[in-house]
Number of protein chains: 2
Amino acid sequence: MTTPTHTHTDSSCPAEGLLKMLTGKWKPQIFRFALEGTVRFNTLLRQLEGSNKQSIAVALKEMEEQGLLEKVVVKLKPLHIEYHLSEKGKSLIPIFRQLEQLAAA
Amino acid sequence: MTTPTHTHTDSSCPAEGLLKMLTGKWKPQIFRFALEGTVRFNTLLRQLEGSNKQSIAVALKEMEEQGLLEKVVVKLKPLHIEYHLSEKGKSLIPIFRQLEQLAAA
DNA sequence: TCAATTAGTCAGAAAAACATGACTACTCCT
DNA sequence: AGGAGTAGTCATGTTTTTCTGACTAATTGA
């Protein structure tokens, strides 16, 4: 274990932290699905071709820890877990939309 | 060489490509410097504490290939190279600013 | 009771990203 | 001619990220 002498995090680049929240192989796609409604573990696994349990689990956990998603246990028929955008997550929607528009242009 | 059966790239997630352009250890900070003016190899190396030639070289090259930065040979006194935001790069400025504001809020 | 569906975890391997140190090549100044 | 400053490249090694396959555990429907 190395002692972190300088914890680089943001400081000089405030946008960096937010960017990192959508960084990773699956996070942008997960965010996009969350944009359209509720998201679930096994459903994502099927929707995201080439993905795997581990990566999706880690992505969901990190996005939750970062405050982008909220995890809800739904005590209904099949008893399952849902993830949906938190307020912080929703605050990123306009930016994400702009990225999509720019990409389309 | 494996045949890519599914070239995942964007398709279902248009924002992904743009996001990837600012993904990496140094790219957000390089972009931020480029926002304020011209950027140079050795200067970045000094400005970005903990960075190294290789990583900065690769980041600059990729950002250039992605069309974010333009490379210009300046035939003046010290004869050097400058990188500055392309039109595409400039189109990301408002988004980057919004990220900074959100981060500050 | 058994099988399927839910949502994961864990250890290890493979792949990608990043860092290190040595080296190159050109220009500029003395 | 020599030294410093420009901007890199290259081979190698380390670190981080991602993937694979096996396994766990609770709930549900037949």
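Note that the structure is a prediction, hence the values are computed from the model and not measured.

Draft legend 1. Structural view of the overall build of chain A. Each helix and strand in chain A was counted, giving six helices and two strands. Traced from its N-terminal end to its C-terminal end, chain A shows the element sequence α-α-α-α-β-β-α-α. Taking all 105 residues of chain A together, the buried fraction comes to 25%. Taking contacts inside chain A between residues at least 6 apart in sequence as the whole, the part at least 24 apart equals 41%.

Draft legend 2. Summary view of the relation of the copies chain B and chain A. Least-squares fitting of chain B to chain A yields an RMSD of 0.1 Å, with the transformation described by 0.0 Å of translation along the axis and a rotation of 179°. Expressed as an axis order, the relation between the two copies is that of a two-fold axis.

Draft legend 3. The arrangement of the protein's contact with DNA strand C in detail. Not every one of the 20 residues close to DNA strand C is listed here, only the nearest: A:Asn42, B:Lys25, B:Asn52, B:Gln54 and B:Ser55. Within the residue set of the surface near DNA strand C, elements represented by two or more residues are α3 (41-47), α4 (53-65) and β2 (80-85) of chain A together with α4 (53-65) of chain B. Among the residues making up the surface near DNA strand C, the classes are represented as six nonpolar, nine polar and five charged.

Draft legend 4. Just helix α2 (residues 27-35) of chain A, in detail. Buried within α2(A) we find A:Lys27, A:Pro28, A:Gln29, A:Ile30, A:Phe31 and A:Ala34. Backbone geometry just downstream of α2(A) places A:Gly37 in the positive-phi region, at approximately 150°.

Draft legend 5. Seen up close, the protein's contact with DNA strand D. DNA strand D sits among 20 residues. The nearest are A:Asn52, A:Gln54, A:Ser55, B:Asn42 and B:His80. When contributions to the surface near DNA strand D are tallied by element, the ones reaching two or more residues are α4 of chain A together with α3 (41-47), α4 and β2 (80-85) of chain B. Along the lines of polarity and charge, the residues of the surface near DNA strand D split into six nonpolar, nine polar and five charged.

Draft legend 6. Region of interest: the environment of A:Leu18. All names here are of chain A. Within the fold, leucine 18 resides in helix α1 (residues 15-21). For leucine 18, a count of 23 C-beta atoms within 10 Å gives the class buried. Measuring from C-alpha to C-alpha, the distance between leucine 18 and serine 86 comes to 14 Å, with 68 residues separating the pair along the chain.

Draft legend 7. Broad picture of the interface of chain B and chain A. Taken residue by residue, the interface counts 26 residues in chain B and 26 residues in chain A. For the side of chain B that touches chain A, the elements supplying multiple residues, two or more each, are α1 (15-21), α2 (27-35) and α6 (93-104) of chain B. Here the side of chain B that touches chain A is composed, by residue class, of 13 nonpolar, nine polar and four charged.

Draft legend 8. Fine view of the pairing of β2(B). Residue and element names in this part refer to chain B. Relative to β2, strand β1 (residues 69-74) runs antiparallel, the two sharing six bridges. What sits directly across from valine 74, in β2, is histidine 80. Taking the residues between adjacent antiparallel strands as the criterion, β1 and β2 are bridged by five residues, where leucine 79 takes a positive phi near 50°.

Draft legend 9. A look at unusual backbone geometry. Residues and elements named next belong to chain A. Positive phi values are uncommon outside glycine, yet leucine 79 reaches one of about 55°. Tracing the sequence through the fold places leucine 79 in the loop between β1 (69-74) and β2. Judged by C-beta crowding, with 8 C-beta atoms within 10 Å, leucine 79 ranks as exposed.

Draft legend 10. Structural context of the confidence of the model for chain A. Per-residue confidence for chain A gives a mean pLDDT of 91, with 90% of residues at or over 70. Contacts of residues 1-8 of chain A to residues separated by more than four positions or lying in other chains number three contacts, the stretch itself having pLDDT below 50.

Draft legend 11. Here's a closer look at the environment of B:Leu18. For the pair B:Leu18 and B:Tyr83, spaced 65 residues apart in sequence, the C-alpha to C-alpha distance is 19 Å. Filtering out sequence-adjacent residues up to four positions away, B:Leu18 remains in contact with A:Leu99, A:Leu102 and A:Ala103.

Draft legend 12. Local environment of the environment of A:Lys20. One can find A:Lys20 in helix α1. Residues A:Lys20 and A:Gln54 lie 34 residues apart in sequence; the distance between their C-alpha atoms is 19 Å.

Draft legend 13. Here's a closer look at the packing of helix α6 (residues 93-104) of chain A against α6(B). Interhelical geometry of α6(A) versus α6(B) gives an angle of 165° and a closest axis separation of 10 Å. It follows that α6(A) is roughly antiparallel to α6(B) by the angle criterion. In this structure, the crossing between α6(A) and α6(B) has a hand that is left-handed. Where α6(A) approaches α6(B), its residues A:Ile95, A:Gln98 and A:Leu99 are matched on the opposing element by B:Ile95, B:Gln98 and B:Leu99. Here the contact of α6(A) with α6(B) is built from residues that sort into four nonpolar, two polar and no charged.

Scoring rules and cut-offs
Residues numbered from 1 in each chain as written. Chains lettered and ligands numbered in written order. Predicted model: local features only at pLDDT ≥ 70, side-chain atom pairs only at ≥ 80, totals over all residues. Helix = DSSP H or I, 4+ residues; strand = E, 2+ residues; numbered from the N terminus. Buried ≥ 20, exposed ≤ 12 C-beta atoms within 10 Å, placed from the backbone. Contact = placed C-beta atoms within 7 Å. Least-squares fit on C-alpha atoms with pLDDT ≥ 70 in both. Near = placed C-beta within 6 Å. Nonpolar A, V, L, I, M, F, W, Y, C, P; charged D, E, K, R; others polar. Pairing = 2+ DSSP bridges. pLDDT = per-residue confidence, 0-100. Axes fitted to C-alpha atoms, helices over the stretch in contact; angles between N-to-C directions. Parallel < 35°, antiparallel > 145°, perpendicular 65-115°, else oblique. Left-handed = near helix turned anticlockwise from the far one by under 90°.

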